[in-house]
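Residues per chain are reported as follows:
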Amino acid sequence: MNDSEAKAETTAWLSNRRKVAESLFVVPHKVTSKIVPYRYNPALEYLTKNASGKDYVLKSRQLYITTFYCLSDLLSAVYYPNYSSLLLCNRDDDAKIYYDIYKYFYNQMPPEVEIVPGYPFPFKPKLETDNVHLLEFEHKEGNSYLRLQGAQALTLGRGFRINNLHVPEIAIFDQDYAKNAVTAALGAMSPTATSHLETTAKGASGYAFDLWNESKEGKTIFKPIFLPWYLDDTA
């Protein structure tokens, strides 16, 4: 096998997000708190089979959906130069919750992966900026960014573009701020950008509730995906 063949095989392996996640990462078990290998549960299997790339996920608690999307955000920033993801949380103070998830997985990353014996492949880029509101990853072709901002303090500069929008627990937001922030973020997205809204249910009114119903009626860009409690196989 030559260098180009080894690179092609490694690239193919890296493109399989599930294989990468289940091969390289661990998480605390939600019941025992013991560290266990990361794996896709039935809820994640259902989500990945039905996701469109622009999704609104109504979920039961503790299905690892937020963890899944945070890991996906991170891997995209690691893989792709010139990538920009925005995680929109309720308040700026909440950013640390998600920053800690990003860093938990980043710290587990090996510097290299060696899928083909004798052909190590660089995997973990250097962090040029590391704070609770911004993770900047070094790439020769142009750095990538994971930004974390609160809906109540969202500022998008002129020309700001987003390749990915992640909005966890939108139903707990102040709903006026949620509507304004999501609308602004969607306006800054590139045509090929992905977007993931996800939440547990909270009440029968407000922007998150209305957006879910409009999505079910096909009136938004989002595909509604419901993940009930019985998609949890935790022993």
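Reference entry: report on the structure contained in this document. (Residues numbered from 1 in each chain as written. Predicted model: local features only at pLDDT ≥ 70, side-chain atom pairs only at ≥ 80, totals over all residues. Heavy atoms only, no water.)

### Notes on the side chain of serine 76
Then step 1. Along the chain, serine 76 falls in helix H4 (residues 65-79).
Then step 2. There is a polar contact of 3.0 Å between the side chain of serine 76 and the side chain of arginine 17.
Then step 3. Beyond its immediate stretch of four places on either side in the chain, serine 76 contacts Arg17 and Tyr83. (Helix = DSSP H or I, 4+ residues; strand = E, 2+ residues; numbered from the N terminus. Polar contact = N/O pair within 3.5 Å; in protein donor to acceptor, adjacent residues only side chain to side chain. Contact = heavy atoms within 4.5 Å.)

### Side note on the packing of aromatic side chains
Then step 1. A full pass over the atoms with the stated rule returns 12 aromatic pairs.
Then step 2. Judged by centre distance (5.4 Å) and plane angle (85°), the rings of tyrosine 56 and tryptophan 212 are edge-to-face. Note that tyrosine 56 is positioned in strand S3 (residues 54-59) and tryptophan 212 in helix H7 (residues 207-216), a separation of 156 residues in sequence. Comparing tyrosine 56 with tryptophan 212 shows no difference in burial state: the two are buried.
Then step 3. Pairing tryptophan 229 with tyrosine 230 gives two aromatic rings, centres 5.8 Å apart and planes at 85°, and the pair type is edge-to-face.
Then step 4. Among the residues examined, tyrosine 230 registers a relative accessible area of 56% and is labelled exposed. (Phe/Tyr/Trp six-rings, centres within 6.5 Å; stacked < 30°, edge-to-face > 60°. Buried < 20%, exposed > 50% of the residue type's maximum accessible area, 1.4 Å probe, protein only.)

### Focus on the pattern of salt bridges
Then step 1. Enumeration according to the criterion identifies 9 salt bridges in this entry.
Then step 2. The partner of lysine 59 in a salt bridge is glutamate 198, and the shortest N-O contact between them spans 2.5 Å. Of this pair, lysine 59 sits in strand S3 while glutamate 198 sits in strand S11 (residues 189-199), and the two are 139 residues apart along the sequence. Comparing lysine 59 with glutamate 198, the two get one shared label, buried.
Then step 3. A salt bridge links lysine 96 to aspartate 100; its shortest N-O distance comes to 2.9 Å. Residue lysine 96 and its partner aspartate 100 are both found in helix H5 (residues 95-106); the two are separated by 4 residues, about one turn of the helix.
Then step 4. When its relative accessible area of 45% is taken as the criterion, lysine 96 is described as partly exposed.
Then step 5. Looking at aspartate 100, the relative accessible area reads 35%, which means it is partly exposed.
Then step 6. Overlapping salt bridges, with partners in common, bring together Arg18, Glu22 and Glu45 in one network. (Salt bridge = Lys/Arg side-chain N within 4 Å of Asp/Glu carboxyl O.)

### Focus on H5
Then step 1. The terminal C-alpha atoms of H5 lie 16 Å apart, and with 12 residues this matches the ideal 16 Å at 1.5 Å per residue to within 8%.
Then step 2. Taken as a whole, H5 has its buried residues at Ala95, Tyr98, Tyr99, Ile101, Tyr102, Lys103, Phe105 and Tyr106. (Expected span 1.5 Å × (residues − 1).)

### Quick word on the packing of helix H3 (residues 42-50) against H4
Then step 1. For the pair H3 and H4, interaxial distance at closest approach is 10 Å and the crossing angle is 55°. Judged by the inter-axis angle, H3 sits oblique to H4. With respect to the hand of their crossing, H3 and H4 are arranged in right-handed fashion. Across the interface between the two elements, Ala43, Leu44, Leu47 and Thr48 of H3 pack against Ile65, Phe68 and Tyr69 of H4.
Then step 2. When the residues that make up the contact of H3 with H4 are grouped by side-chain class, the tally is 6 nonpolar, 1 polar and no charged. (Axes fitted to C-alpha atoms, helices over the stretch in contact; angles between N-to-C directions. Parallel < 35°, antiparallel > 145°, perpendicular 65-115°, else oblique. Left-handed = near helix turned anticlockwise from the far one by under 90°. Nonpolar A, V, L, I, M, F, W, Y, C, P; charged D, E, K, R; others polar.)

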